[in-house]
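Structural features, examined
So the chains spell out like this:
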Amino acid sequence: MLLSQIAENFSLELVGEDKEIRALNSLQEAKGDELSFLQNRKYLNALKNTKAGAVIAQQEFVKYLPEDVSALVSDEPYVVLARISKLFAKEPMQKEGKKPVIGANCQIAQGAYIGFDSVIGDNVTIMSGAVIGDNVKIGDNTLIYPNVTIYRDCVIGSNCIIHAGTVIGSDGYGFATTKDGRHIKIYQNGNVIIEDDVEIGANCAIDRAVFGSTIIKKGTKLDNLIQIGHNCIIGENVLMAGQAGIAGSTEIGRNVVIGGQAATAGHLKIGDFAVIAARGGVTKTIEGKKVYSGFPLMEHKQWLKLQGILARLLKRS
Amino acid sequence: MLLSQIAENFSLELVGEDKEIRALNSLQEAKGDELSFLQNRKYLNALKNTKAGAVIAQQEFVKYLPEDVSALVSDEPYVVLARISKLFAKEPMQKEGKKPVIGANCQIAQGAYIGFDSVIGDNVTIMSGAVIGDNVKIGDNTLIYPNVTIYRDCVIGSNCIIHAGTVIGSDGYGFATTKDGRHIKIYQNGNVIIEDDVEIGANCAIDRAVFGSTIIKKGTKLDNLIQIGHNCIIGENVLMAGQAGIAGSTEIGRNVVIGGQAATAGHLKIGDFAVIAARGGVTKTIEGKKVYSGFPLMEHKQWLKLQGILARLLKRS
Amino acid sequence: MLLSQIAENFSLELVGEDKEIRALNSLQEAKGDELSFLQNRKYLNALKNTKAGAVIAQQEFVKYLPEDVSALVSDEPYVVLARISKLFAKEPMQKEGKKPVIGANCQIAQGAYIGFDSVIGDNVTIMSGAVIGDNVKIGDNTLIYPNVTIYRDCVIGSNCIIHAGTVIGSDGYGFATTKDGRHIKIYQNGNVIIEDDVEIGANCAIDRAVFGSTIIKKGTKLDNLIQIGHNCIIGENVLMAGQAGIAGSTEIGRNVVIGGQAATAGHLKIGDFAVIAARGGVTKTIEGKKVYSGFPLMEHKQWLKLQGILARLLKRS
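Points about the pairing of strand S17 (residues 167–170) of chain C
All names here are of chain C.
- Two elements, strand S14 (residues 149–150) and S17, share two bridges in a ladder whose sense is parallel. Each bridged residue has a counterpart across the sheet, and for Thr149 the counterpart in S17 is Val167.
- Here S17 runs beside strand S22 (residues 205–207); their pairing, made up of three bridges, is parallel. By the bridge assignment for S22, Ser170 is matched with Asp207.

Topic: the relation of the copies chain B and chain A
- Mapping chain B onto chain A is achieved by rotating through 120 degrees and translating by 0.0 Å along the same axis, at an RMSD of 0.0 Å. Taken together, the rotation and translation describe the operation of a three-fold axis.

A word on the domain arrangement of chain A
Residues and elements named next belong to chain A.
- You can read the domains of chain A as domain 1 (3–88) and domain 2 (101–301).
- Relative placement of domain 1 and domain 2: their C-alpha centres are 30 Å apart.
- Contact with domain 1, which involves 13 residues of that partner, is made by 12 residues of domain 2.
- Both sides together, the interface formed by domain 1 and domain 2 hides about 1,100 Å², and carbon and sulfur atoms give 66% of it.

Focus: the sheet that holds strand S28 (residues 245–246) of chain B
All names here are of chain B.
- Ordered by their spatial adjacency, nine strands build an open sheet running S8-S11-S14-S17-S22-S25-S28-S31-S34, and the pairing between neighbours is parallel. The open sheet has two edge strands, strand S8 (113–114) and strand S34 (281–282), and neither has a second partner.
- With two bridges connecting them, S8 and strand S11 (residues 131–132) associate as parallel partners. Across the sheet, Tyr113 pairs through a bridge with Val131, a residue of S11.

Section: the sheet that holds strand S34 (residues 281–282) of chain C
Residue and element names in this part refer to chain C.
- The nine strands lie next to each other as S8-S11-S14-S17-S22-S25-S28-S31-S34, forming an open sheet whose pairing is parallel. Edge positions in the sheet fall to strand S8 (113–114) and S34, since each has one partner strand and no second.
- One ladder, built from two bridges, connects strand S31 (residues 263–264) with S34; its direction is parallel. Bridging from a neighbouring strand, Thr264 pairs with Val282 of S34.

Remarks on the interface of chain C and chain A
- Taken together, the contact between chain C and chain A spans 48 residues of the former and 40 residues of the latter.
- Summed over both partners, the interface of chain C with chain A comes to about 3,300 Å²; 60% of that surface belongs to carbon and sulfur atoms.
- On the chain C side of the interface with chain A, the three residues burying the most area are Met93(C), Tyr173(C) and His183(C), jointly 21% of the side's total.
- For the pair chain C and chain A, the number of links is one salt bridge.
- Linking chain C with chain A are 24 residue pairs in polar contact (both at pLDDT 80 or more), by the criterion used here.
- Within the residue set of the side of chain C that touches chain A, elements represented by two or more residues are S17, strand S19 (183–185), S22 and helix H4 (300–316) of chain C.

Focus on the interface of chain B and chain A
- Listed as interface residues are 40 residues of chain B and, on the opposing side, 48 residues of chain A.
- Summed over both sides, the interface between chain B and chain A buries roughly 3,300 Å², with carbon and sulfur atoms accounting for 60% of that surface.
- The largest per-residue losses of area from chain B upon contact with chain A belong to Gln107(B), Arg279(B) and Leu314(B), which jointly make up 19% of the total buried on that side.
- Run the count over chain B and chain A and you get one salt bridge.
- The salt bridge partner of Glu199(B) is Lys185(A), with a shortest N-O separation of 2.8 Å.
- Taken together, the links from chain B to chain A amount to 25 residue pairs in polar contact (both at pLDDT 80 or more).
- Breaking the side of chain B that touches chain A down by element, the ones donating at least two residues are strand S24 (221–222), strand S27 (239–240) and helix H4 (300–316) of chain B.
- Considering each element in turn, the side of chain B that touches chain A owes the most residues, five residues, to H4(B).
- Here the side of chain B that touches chain A is built from residues that sort into 18 nonpolar, 17 polar and five charged.

Focus on the relation of the copies chain C and chain A
- For the pair chain C and chain A, the best superposition has an RMSD of 0.1 Å and corresponds to a rotation of 120 degrees with a translation of 0.0 Å parallel to the axis.
- Of the interface residues in chain C, just 19% have counterparts in chain A that sit at the interface too, so the contact is made through distinct surfaces.

Description of the packing of aromatic side chains
- This structure, assessed with the given rule, holds 12 aromatic pairs over all chains.
- Judged by centre distance (5.7 Å) and plane angle (35 degrees), the rings of Phe37(C) and Tyr78(C) are tilted. Placement of the pair is Phe37(C) in strand S3 (residues 34–37) and Tyr78(C) in helix H3 (residues 77–85), with a sequence separation of 41 residues.
- Taking relative accessible area as the criterion, Phe37(C) reaches 13% and is therefore assigned buried.
- Above the plane of the ring of Phe295(C) lies Arg279(A), whose end atom (NZ or CZ) is 5.3 Å from the centre.

Topic: the pattern of salt bridges
- This model, assessed by the stated rule, comprises 39 salt bridges over all chains.
- Note that Lys185(A) is salt-bridged to Asp171(A), the shortest N-O span being 2.7 Å. Of the two residues, Lys185(A) is situated in strand S19 (residues 183–185) and Asp171(A) in the loop between strand S17 (167–170) and strand S18 (175–177); the sequence distance between them amounts to 14 residues.
- Take Lys185(A): its relative accessible area is 9%, and that puts it in the buried class.
- Here Lys95(C) and Glu91(C) are joined by a salt bridge, their closest N and O atoms 3.9 Å apart.
- Taking the relative accessible area as the measure of exposure, Lys95(C) reaches 59% and is therefore exposed.
- Salt bridges linked by common partners bring Lys90(A), Arg152(A), Asp153(A) and Arg208(A) together as one network.

Observations regarding the environment of Val238(C)
All names here are of chain C.
- Here Val238 is to be found in the loop between strand S26 (233–234) and strand S27 (239–240).
- Given the relative accessible area of 0%, Val238 is considered buried.
- C-alpha of Val238 to C-alpha of Gln5: the two residues are 233 residues apart in sequence and 45 Å apart in space.
- Apart from the residues within four sequence positions on either side, Val238 is in contact with Thr220, Lys221, Ile252, Gly253, Asn255 and Val256.

Quick notes on the pairing of strand S3 (residues 34–37) of chain B
Residue and element names in this part refer to chain B.
- Side-chain alternation along S3 places Glu34 and Ser36 on one buried face and Leu35 and Phe37 on a second face that is also buried.
- Two strands pair when backbone bridges link them, and strand S2 (residues 23–24) and S3 are joined in this way by two bridges, in the parallel orientation. Across the sheet, residue Ala23 finds its bridge partner in S3, namely Glu34.
- Bridging between S3 and strand S4 (residues 54–57) involves three bridges; their strand directions are parallel. For Ser36, the partnering residue across the bridge sits in S4 and is Val55.

Some points on the side chain of Ser118(A)
Residue and element names in this part refer to chain A.
- Mapped onto the secondary structure, Ser118 falls in the loop between strand S8 (113–114) and strand S9 (119–120).
- Overall, the relative accessible area of 0% leaves Ser118 in the buried class.
- Setting aside chain neighbours within four positions, we find Ser118 in contact with Pro100, Val101, Ile132, Gly133, Asp134, Asn135 and Val136.

Quick notes on a negative patch on the surface
All names here are of chain A.
- Together, Glu17, Asp18, Glu20, Glu67 and Asp68 make up a region of like negative charge exposed at the surface.
- You can see Glu67 is positioned in the loop between strand S4 (54–57) and strand S5 (70–73).
- When its relative accessible area of 84% is taken as the criterion, Glu67 is described as exposed.

Thoughts on H4(B)
Residues and elements named next belong to chain B.
- The end-to-end C-alpha separation of H4 is 24 Å, in line with the 24 Å expected for 17 residues at 1.5 Å each.
- Of all the residues in H4, the buried ones are Trp303, Leu306, Gln307, Ile309, Leu310, Leu313 and Leu314. Looking straight down H4, one finds its buried side chains confined to an arc of 160 degrees; they lie on one side. Those residues of H4 that are exposed and angled more than 90 degrees off the buried face are Lys301, Lys315 and Arg316.

The rules behind the values
Residues numbered from 1 in each chain as written. Chains lettered and ligands numbered in written order. Predicted model: local features only at pLDDT ≥ 70, side-chain atom pairs only at ≥ 80, totals over all residues. Heavy atoms only, no water. Pairing = 2+ DSSP bridges. Helix = DSSP H or I, 4+ residues; strand = E, 2+ residues; numbered from the N terminus. Least-squares fit on C-alpha atoms with pLDDT ≥ 70 in both. Domains from an automatic or database assignment. Contact = heavy atoms within 4.5 Å. Buried area = accessible area lost by both parts, 1.4 Å probe. Salt bridge = Lys/Arg side-chain N within 4 Å of Asp/Glu carboxyl O. Polar contact = N/O pair within 3.5 Å; in protein donor to acceptor, adjacent residues only side chain to side chain. Nonpolar A, V, L, I, M, F, W, Y, C, P; charged D, E, K, R; others polar. Phe/Tyr/Trp six-rings, centres within 6.5 Å; stacked < 30°, edge-to-face > 60°. Buried < 20%, exposed > 50% of the residue type's maximum accessible area, 1.4 Å probe, protein only. Lys NZ or Arg CZ within 6 Å of the ring centre and 35° of its normal. Patch = residues over 30% accessible without salt bridge, like charges linked within 9 Å, V, L, I, M, F, W, Y side chains within 5 Å. Areas by Shrake-Rupley, 256 points an atom, 1.4 Å probe, with all protein chains shown as cover. Lys, Arg positive; Asp, Glu negative; His and termini not counted. Charge placed at Lys NZ, Arg CZ, Asp CG, Glu CD. Expected span 1.5 Å × (residues − 1). Arc of directions from axis to C-beta.

Take a look at the structure:
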């Protein structure tokens with residue numbers, strides 16, 4: 001789509017040359033045929049170094065753009081991004097495409113659904129009620145239990161087990177709010193990549209990325225009813241117990257252990273081999289190889305000490 | 001059904017005239033052909049002013065009923081209500097009815113199910129494994145992802161998006177407990193109404209009302225794995241993050257923001273534009289336009305102060 | 001399978017006589033044709049008294065085995081158990097078997113799936129998208145809502161109601177970790193037994209036992225989005241509110257009440273008639289007939305007192 005068309009559709013001023021735009025992306029990741037946005041002054045450095053074809057930005061920031069990067073000028077770049085994102089969204093369900101390719105020795109139950117353009121490896125079992133969207137790839141020996149939903153464009157590795165009712169690739173939770181308080185959907189045009197040897201419990205929800213991929217790395221095992229937000233990167237061999245929740249864009253290192261009902265805020269990092277006890281609430285980036293508890297989070301031994309102090313206060317009163 | 005028949009079935013004394021009863025309802029909402037109940041002395045005022053056709057009540061409260069309101073006398077009105085509620089429950093799945101009416105340009109995937117008497121608007125997409133019960137209405141342009149379940153009699157607006165695995169209209173959690181500790185189901189004969197422009201994430205559970213409707217108003221956006229209890233009213237343009245839970249009969253004002261894993265008790269109100277931080281636990285009615293945290297809930301700045309006090313206690317020890 | 005074959009497959013030393021092994025089981029429950037393991041020195045007493053046919057154990061513990069119990073010697077008994085468990089896992093979906101037996105007056109919706117060797121009682125309703133695995137038993141008058149998944153070998157009683165999206169019999173969360181940090185799946189070869197008159201809300205996850213059964217007893221009512229871990233025993237007439245989570249092998253007594261988002265650790269007991277308030281976090285075995293709150297858990301009146309102390313600290317500061 002031409003940048004000039006987008007400008008016209010949304011009544012935006014176009015600064016710089018017109019060009020073909022094929023997708024949206026972040027300032028850091030965008031290429032020359034992609035459109036990005038500056039939502040917040042703290043990303044100004046990323047703006048100055050972006051390789052995007054064009055950027056949606058407020059007037060005052062246009063001057064910081066690299067020479068060959070065009071601008072769409074708006075007072076509300078995030079709201080405009082949201083509105084534009086719909087133009088680049090794929091249809092939830094293709095009306096046509098290639099019949100799926102199914103490998104050798106697969107067991108596809110009656111009542112399973114596989115969309116167009118999907119590729120299923122060898123020895124895969126897909127049970128009844130599982131719905132595999134369009135353009136999904138599933139590796140060898142993977143087992144998909146009943147009523148699992150895998151949204152379009154997602155990639156599942158080999159030797160994975162996905163338990164019943166789990167949803168992979170649902171839209172990340174992203175909205176831009178207008179001045180009068182309405183929330184405009186930011187279409188989530190990325191996907192989810194699940195690497196090999198991953199097991200995911202029942203009724204989990206793993207959201208697709210807004211751009212790029214939400215990734216669950218090799219050997220990680222999730223329990224039931226877990227939420228993984230959009231654009232998270234979950235390291236190798238992570239263990240995560242039931243009802244834990246990871247907010248968007250958080251990165252978890254390898255062999256991290258996360259207890260039941262624990263949760264993290266978004267956009268933070270958890271170091272390799274960290275342990276978060278049950279109910280721990282992570283609100284900041286934390287180092288690896290330590291044990292943490294509580295909300296606000298602290299080192300577990302501090303948390304135990306705090307509970308001792310509170311117990312003494314109680315006794316004394 | 002005649003009141004006298006109900007009285008006979010459950011061996012209850014009928015005081016006042018016999019009449020036809022068509023449904024159960026609360027003291028405040030019941031009309032002349034509906035049966036209500038007094039569960040608790042604190043609703044005595046509602047009893048005195050009820051327009052119900054009849055009320056199940058203990059002997060001592062019968063004298064407070066308006067003149068033309070009949071009574072079914074019972075020592076255990078709530079248990080009796082539960083037993084009677086079954087008589088008014090609709091069958092979970094109709095054996096017959098009209099074929100559903102499907103609007104123009106709909107995409108109904110193979111493996112989607114639509115019950116009798118349902119009406120689907122124009123440009124609606126219903127993906128595989130989605131189950132739309134009997135007598136459901138869905139507005140134009142709405143998108144229903146795979147393996148969503150919408151129970152009978154629910155109403156979904158236009159331009160809504162319901163993500164995979166979400167359940168709309170499951171029974172509210174209501175039981176009356178007998179003296180020997182058994183829990184008798186109160187059949188949930190209401191429905192759920194989702195207004196226009198609502199998006200609901202994956203694997204949520206929105207319960208139907210016991211009487212009347214659970215309502216999610218226009219423009220509200222829910223993340224994944226959220227529970228909304230029966231008879232809740234969620235205002236316009238509310239945002240609710242993953243794994244939040246709202247207990248029955250709670251009313252949430254417009255543009256309220258509720259963080260991840262936050263929760264509320266039942267039967268309370270949250271004022272317009274209130275913000276509940278992640279993990280906040282609301283146990284009382286709260287004013288709007290303020291930011292709250294913690295459990296027990298307090299204003300967020302108080303909560304920060306409390307964390308400072310605890311940190312100092314820890315340091316000093 | 002012969003013990004000698006297992007020994008050869010995994011390069012383990014076999015001490016004692018060879019014998020046919022038909023299943024894995026715990027030291028306490030194993031019979032003469034079952035293989036068990038010693039994971040931890042604290043179970044040494046169980047080892048000394050086991051009736052298992054053979055036990056996987058470290059060299060130093062072999063001498064404590066009863067005379068007729070054979071040993072498979074390993075430095076990493078738990079990892080070896082995990083690897084062996086795969087040999088005894090049943091196929092997730094049988095390729096053949098007897099057509100299911102369906103009782104009188106059942107309503108089986110179009111799009112419901114029932115596996116081989118299953119037996120469905122009279123007057124059962126199974127709605128569209130529900131998937132009943134192989135060799136499942138369902139009692140009379142039970143109602144299975146859409147998109148429920150019941151894994152193979154599970155048993156559901158009479159007069160039960162299972163709401164949409166709920167998963168019964170998914171694998172318990174059990175892994176043995178190798179020295180280099182990879183998690184080896186312990187195949188969960190047990191099942192789930194749901195007794196009569198149980199109601200389970202929407203999008204719950206009830207895991208199957210590793211050996212034996214996860215049990216939910218008569219008359220218990222679960223709300224939505226609840227997790228029950230493997231090998232739990234939930235007593236009669238228990239009430240459990242939304243988003244509660246019970247970790248593996250915990251036993252809950254009769255008529256216990258568990259509030260919303262409350263949780264328990266694994267391997268503990270909750271006494272009859274105990275009440276756990278919303279968000280309570282149970283980390284130790286607790287007596288019945290008391291009310292508890294908080295995390296760490298304490299008696300509710302203590303918790304109220306503690307909140308008073310904290311409120312005064314806040315005020316004074």
